[in-house]
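For reference, the chains in residue letters:
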Amino acid sequence: MKEQTANRVFDVVNFIVIAVATLLCLAPFVHILAVSLSSAGPILSGKVSLLPVELTFDSYKQVFKDPSMIRSLGFTVLLTVLYTLLCMLMTIAAGYPLSKRKLRGRKLFMTVVVITMFFSGGIIPEYILVRSLNLLDSIWALVLPGLVNPFYLIILITFFNNIPEGLEESAEIDGSSHFRTLIHIILPLSLPVIATLSLFYAVGRWNGFQDTLMYINSPELYPLQLKLYQMIQNNMISDLLAAEGAGAMTKLVSEGLKSASVMFATIPILLVYPWLQRYFVSGVMLGAVKG
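Rules of the game
- Residues numbered from 1 in each chain as written.
- Predicted model: local features only at pLDDT ≥ 70, side-chain atom pairs only at ≥ 80, totals over all residues.
- Heavy atoms only, no water.
- Helix = DSSP H or I, 4+ residues; strand = E, 2+ residues; numbered from the N terminus.
- Buried < 20%, exposed > 50% of the residue type's maximum accessible area, 1.4 Å probe, protein only.
- Contact = heavy atoms within 4.5 Å.
- Areas by Shrake-Rupley, 256 points an atom, 1.4 Å probe, with all protein chains shown as cover.
- Patch = residues over 30% accessible without salt bridge, like charges linked within 9 Å, V, L, I, M, F, W, Y side chains within 5 Å.
- Salt bridge = Lys/Arg side-chain N within 4 Å of Asp/Glu carboxyl O.
- Axes fitted to C-alpha atoms, helices over the stretch in contact; angles between N-to-C directions.
- Parallel < 35°, antiparallel > 145°, perpendicular 65-115°, else oblique.
- Left-handed = near helix turned anticlockwise from the far one by under 90°.
- pLDDT = per-residue confidence, 0-100.
- Phe/Tyr/Trp six-rings, centres within 6.5 Å; stacked < 30°, edge-to-face > 60°.
- Lys NZ or Arg CZ within 6 Å of the ring centre and 35° of its normal.

(A) Seen up close, the overall build of the chain. If you tally the helices and strands in the chain, you get 14 helices and 0 strands. Going from N to C terminus, the chain has its helices and strands arranged as α-α-α-α-α-α-α-α-α-α-α-α-α-α. When each of the 291 residues of the chain is scored for burial, the buried share is 34%. Considering only intrachain contacts with a sequence separation of at least 6, the fraction spanning at least 24 residues in the chain is 71%. For the chain, the accessible area works out to roughly 18,200 Å², and carbon and sulfur atoms hold 68% of it.

Right under this line is the structure:
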């Protein structure tokens, strides 16, 4: 009885902590949504908190009327899809052979991978490398430098190591090659980790900002995050004008428009989660090997 009571108390406390943490994470998002749907007057008076005041869609209309925002959205989607596909291709191509203990030089390769987790060349050498490869102001400058994340690679290697060797031995006896075994046996069993790493890569690229600021100059190659950065910079200028008594209405418009733009850049990547959630399960390996 005491153990059951302790378990119930732990479950209740755990639920309360998770609920509070969830609310703290959702509150800023809900506030930005409310500001994007509110009119200028309530924003100026500070009446907008978690619910829209004087509901209006004018800010979203301005966002969708801006051709540069639509172009940035399309380019960001293309960039994210291309980056995620190439990253997973390279990560799987490196992770599968490194998961084999019989691979010659495996310890050396793993040591190199681990070292890159803690040490890097830095921003300046990376920029010089990208410039020397003539990748500046191109989509490949945002794709090639970060194709393989060493931490994600180690996660994939660990998952491959946990797959029973009996599966591959059976396939080898049946005459299957390593490539065919990877495609038809290993990858179908690895859908949970592949979906998880793909989501990590996609979110990281979608929210990427620093490399675009350094490598991209052409407006047609601006992703959404860089557009938001420019909008914030313009908003700071309007704040200075408002402080001098000229441009208060400009500040109001920019606040609503900025919030709508943030939602415009955030919602698409959030829609990816429901599609991958069904892969975040355990027990995929149950029944794969019968003894």
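Picking up after the structure, the text goes on.
(B) Inspection of the side chain of Thr56 at higher detail. Positionally, Thr56 belongs in the loop between α2 (40-45) and α3 (58-65). A relative accessible area of 16% places Thr56 in the buried class. In contact with Thr56, not counting residues within four places along its chain, are Ser36, Leu37, Ser38 and Ser39.

(C) Local environment of a nonpolar patch on the surface. Taken together, the side chains of Val114, Ile115, Met117, Phe118, Phe119 and Phe151 define a hydrophobic patch exposed on the protein surface, amounting to about 620 Å² of accessible area. Of all the elements, helix α5 (residues 106-118) adds the most residues to the nonpolar patch, at 4 residues. Take Phe118: it is sitting in helix α5. Given the relative accessible area of 61%, Phe118 is considered exposed.

(D) Representation of the packing of helix α8 (residues 165-173) against helix α9 (residues 178-189) within the structure. α9 packs onto α8 with a crossing angle of 160 degrees between their chain directions and a minimal axis gap of 11 Å. Judged on the interaxial angle alone, α9 and α8 are roughly antiparallel. The chirality of how α8 crosses α9 is right-handed. Touching Leu167, Glu168 and Ala171 of α8 are Thr181, Ile185, Ile186 and Leu189, all from α9.

(E) Expanded view of the pattern of salt bridges. Applying the stated criterion across every chain yields a total of 2 salt bridges. A salt bridge links Arg101 to Glu165, with the nearest nitrogen and oxygen atoms 4.0 Å apart. One end of the pair, Arg101, is in the loop between α4 (67-98) and α5; the other, Glu165, is in helix α8, and 64 residues separate them in sequence. In this pair, the class of Arg101 matches that of Glu165, namely exposed.

(F) The side chain of Ser190, seen in detail. Mapping Ser190 onto the fold places it in the loop between α9 and α10 (191-206). The residues touching Ser190, leaving out its near neighbours within four places in the chain, are Phe159, Phe160 and Ile163.

(G) Quick peek at unusual backbone geometry. The phi angle at Glu54 is positive, at roughly 55 degrees, despite the residue not being glycine. Take Glu54: it is sitting in the loop between α2 and α3. Take Glu54: its relative accessible area is 54%, and that puts it in the exposed class. Unusually for a residue other than glycine, Asn134 sits at a positive phi of about 60 degrees. In this structure, Asn134 sits in the loop between α6 (123-132) and α7 (150-161).

(H) Quick peek at the environment of Ile155. Following the sequence through the fold, Ile155 ends up in helix α7. Among all residues touching Ile155, those that are not within four sequence positions of it are Val193 and Leu197.

(I) Examining the confidence of the model for the chain more closely. For the chain, the average pLDDT comes to 81, and 86% of its residues sit at 70 or higher. Looking at the elements of the chain, mean pLDDT is at its lowest for helix α12 (residues 224-243), recorded as 66, and at its highest for α4, recorded as 92. Counted against residues more than four places away or in other chains, residues 244-250, with its pLDDT under 50, gives 7 contacts. Segment residues 282-291: pLDDT under 50, and 9 contacts once partners within four positions in sequence are set aside and those in other chains are kept.

(J) How the structure looks around the packing of aromatic side chains. A full pass over the atoms with the stated rule returns 7 aromatic pairs. A ring pair is formed by Phe64 and Phe264, whose centres lie 5.4 Å apart and whose planes are at 90 degrees; its orientation type is edge-to-face. Taken together, the residues Phe64 in helix α3 and Phe264 in helix α13 (residues 248-270) connect sequence positions 200 residues apart. Ring plane angle 90 degrees and centroid distance 5.0 Å describe the contact between Tyr152 and Tyr201, whose orientation is recorded as edge-to-face. Here Tyr152 is found in helix α7, whereas its partner Tyr201 is found in helix α10, with 49 residues between them in sequence. As far as the burial class goes, Tyr152 and Tyr201 line up, both buried. Joined through ring pairs, the aromatic side chains of Tyr83, Phe151, Tyr152, Phe200 and Tyr201 make up one cluster. Residue placement shows Arg205 over the ring face of Tyr83; its charged tip is 5.8 Å from the ring centre.

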